[in-house]
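What follows is each chain in one-letter form.
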Amino acid sequence: MSIPPIQLSEETRSTAWILVVSADEGWRNQVGGAFGGEEYDVATASSMATARHQLGQQFFEAVVTDSALLDGTGLELLAEVRAQQPDAACVLYTDLDSAAIDTSEQPDIVINYINETQPNALEVLLNEVETMVETRAHTSYPLPYDEDERLAVLDRYLDVVSEVAISFKHLTRTAEEELDVDVSFVGLVGRYTEDIVACRGIDWGVLNREETVCTYGVLEDGPTVIEDLTADPRFERLNFVTEYNLRSYAGAP
């Protein structure tokens, strides 16, 4: 007897993993229960140590945390989430007023803050997480944890790019000479494209972001080095790699 294959409709989608963290068991049950249903799989943790272990075992589309944990704070946890899983949506869901949250130790972290004492707070939380998860699901490349902030800063510089173009050209020449490479360039990684503002050894203009190596480079604070692009499944079939017979990549944000 032959078994017919399962036919999946276009509406079928896999569930999203949500990590819910708080020292308060009642809080965990309430928030975790709100994500019940077919769309989400929920894991819970009462401490940073437990959450850290789970982050090492499972990718989470979103992490929702209270401000108070058994061995740290919600902000400290979300800083670790950003470092380990930069694509995960991060939400601080707490009864503390935003002015009462000490951000001095994590000044650069960008998260979503929702006050749980506001009207329909759980509904607001569910809608916020759903929006963030769907936004990331439609992105074919990873996003830095500070993507919105990064793009806002980039936008402020776009008007002066032409004024400093000569400096970019000098930079590409220096890179070509000091590193003894055939190709060097400076690119501005925008929301959907990378604008090559200076280039030596190759003729590039605007590239689709999903087809660039730099979209992975901006995930790091320091240099990104890939010795063999053709051996990396993320890049081995990219058009510019095969067309120009490129092999190695080194870049810094």
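Provided above is the structure to which this section pertains.
Residues numbered from 1 in each chain as written. Predicted model: local features only at pLDDT ≥ 70, side-chain atom pairs only at ≥ 80, totals over all residues. Heavy atoms only, no water.

Quick look at the packing of aromatic side chains
To keep it simple, the criterion reads: Each Phe, Tyr or Trp ring (for Trp, its six-membered ring) is paired with any other whose centre lies within 6.5 Å, and the angle between the two planes then decides the class: stacked below 30 degrees, edge-to-face above 60, tilted in between. For every residue, the accessible area obtained with a 1.4 Å probe (protein chains only) is divided by the maximum for its type, and the residue is called buried under 20%, exposed over 50%, and partly exposed between those limits. Here a strand is any run of E in DSSP of at least two residues, a helix any run of H or I of at least four, and the numbering for each starts at the N terminus. Here, a charge over a ring is recorded when the distance from Lys NZ or Arg CZ to the ring centre is within 6 Å and its angle to the ring normal is within 35 degrees.
Counted under the stated rule, the structure contains 6 aromatic pairs. Plain terms: the ring middles of Phe35 and Tyr40 are 5.3 Å apart, the flat faces sit at 85° to each other, and that makes the pair edge-to-face. Its relative accessible area of 0% is what places Phe35 among the buried residues. Looking at Tyr40, the relative accessible area reads 9%, which means it is buried. Where Trp204 meets Tyr244, the ring centres are 5.9 Å apart and the plane angle is 85°; that geometry is what we call edge-to-face. In this pair, Trp204 is assigned in the loop between strand S9 (193-200) and strand S10 (206-208) and Tyr244 in the loop between helix H8 (239-243) and strand S12 (249-251), connecting sequence segments 40 residues apart. Among the residues examined, Trp204 registers a relative accessible area of 12% and is labelled buried. Directly above the ring of Tyr216 sits Arg234, whose terminal nitrogen or CZ lies 4.8 Å from the centroid.

Regarding the environment of Asp203
The residue Asp203 is located in the loop between S9 and S10 in this model. The sequence separation of Asp203 and Val183 amounts to 20 residues, and the corresponding C-alpha distance is 9.7 Å.

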